[in-house]
Amino acid sequence: MKNSCKRIFMLAFTLVFLLCSCNDTDTVYELKDDSESVTAVSGNQQNPTDEKTEEITVSGSSEEKKQGTQTGEKSELQVYICGAVQNPGVYTLTEGSRVVDAISAAGGLKSDACEIALNQARVLSDGEQIIVWTLEEAKNLGLDKAGALQSAADSADSADTSGEESGKVNLNRASKEQLMTLPGIGETRAEAILSYREQNGPFRQIEDIMNIDGIKEKMFEKIRGSIEV
């Protein structure tokens, strides 16, 4: 009887020991930085030398992850948009934005804006200024037709060159001091010419100077040989 009890006790002790040993086993997952795999380590924590490893593939290559990171790191640029827009001001946009994006950021065009004088598909650069002309301003500047902007710029460059060669005062480029060198043009009339130029755009012909208050035919005849546009 005693021997039987002893055998039963030893059998129960052995079962308990085996169950406890199984619970000591754990699995450790380690993510390797230099590869696209996860290492699974399994085994008894008390015996690290008996560890077994298992590789699990992770979807997505290093190159794809790199490209995804680069895509989310677009630089910014700032532009100043003014004129015939709802909310003129300086706006921050992402690199690669176009004029149409700046217009949208400014609340859109006003009803009297001249769209044809503006290339809305142009890519923006940091620090630039965008002027949206009204229909009246564009007409006075000769920008109410496609391609007129470049023509106006070319004409201005040509005017600068011809003025230097001829020695005449260019009404569209002259400073106040240069205008005051003309017969009968003092400081007040020179400032009036500059003001007219700012409000109405460049002079189309030298006769337009007679639109200035105080400059009529008699004075025009005195200075017509000394001016050009």
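Scroll up for the structure.
A few points on the structure. (Residues numbered from 1 in each chain as written. Predicted model: local features only at pLDDT ≥ 70, side-chain atom pairs only at ≥ 80, totals over all residues. Heavy atoms only, no water.)

## Considerations on the pairing of strand E4 (residues 76-83)
Heads up, the condition is: Two strands form a pair only when DSSP identifies at least two bridges running between them. Runs of E in the DSSP output that reach at least two residues are strands. Runs of H or I that reach at least four are helices, and both are numbered from the N terminus.
Relative to strand E5 (residues 89-94), E4 is paired through 6 bridges, and the arrangement is antiparallel. Within E5, the residue paired with Val79 across the bridge is Tyr91. Adjacent in sequence and paired antiparallel, E4 and E5 are bridged by 5 residues. Looking at chain direction, E4 and strand E6 (residues 129-132) are connected through 4 bridges and run parallel.

## Let's talk about the environment of Ala174
Condition: Only protein chains enter the accessibility calculation, which uses a 1.4 Å probe. A residue is then buried if its area is under 20% of the maximum for its type, exposed if over 50%, and partly exposed in between. Contacts are residue-level and defined by heavy atoms, with any inter-residue pair within 4.5 Å sufficient.
Within the secondary structure, Ala174 is located in the loop between strand E7 (169-170) and helix H6 (176-179). Taking the relative accessible area as the measure of exposure, Ala174 reaches 3% and is therefore buried. Through-space distance from the C-alpha of Ala174 to that of Val229 is 10.0 Å; in sequence the pair is 55 residues apart. Setting aside chain neighbours within four positions, we find Ala174 in contact with Val169, Leu179, Leu194 and Arg197.

## Focus: the packing of aromatic side chains
Both the distance between ring centres and the angle between the ring planes are used here to describe each pair of aromatic rings. What counts, and what does not: We call Phe, Tyr and Trp rings a pair once their centres come within 6.5 Å, taking the six-membered ring for Trp, and we label the pair stacked below 30 degrees between planes, edge-to-face above 60, and tilted otherwise.
If you walk through the whole model with that rule in mind, you get 1 aromatic pair. Ring geometry for Tyr196 and Phe203: centres 5.1 Å apart, planes at 25°, overall stacked. Residue Phe203 is classed as buried on the basis of its relative accessible area of 4%.

## Overview of the nonpolar core
Let me state the cut-off plainly: Definition of nonpolar core: a set of buried residues of the types Ala, Val, Leu, Ile, Met, Phe, Trp, Tyr and Cys, connected through side-chain atoms within 4.5 Å.
With 17 residues, the main nonpolar core has Leu179, Leu182, Ile185, Ile193, Ile209, Ile215 and Ile227 as its most contacted residues. Put simply, the parts of the chain that give this core at least two residues each are helix H7 (187-200) and helix H8 (217-223). When residues in this core are grouped by element, the largest group, 3 residues, is from H8. Not counting the four nearest positions on each side in its chain, Leu179 is found in contact with Val169, Leu171, Ala174, Ile185, Ala190, Ile193 and Leu194. In this structure, Ala84, Val85, Leu93 and Ala102 belong to the second largest nonpolar core, which totals 15 residues.

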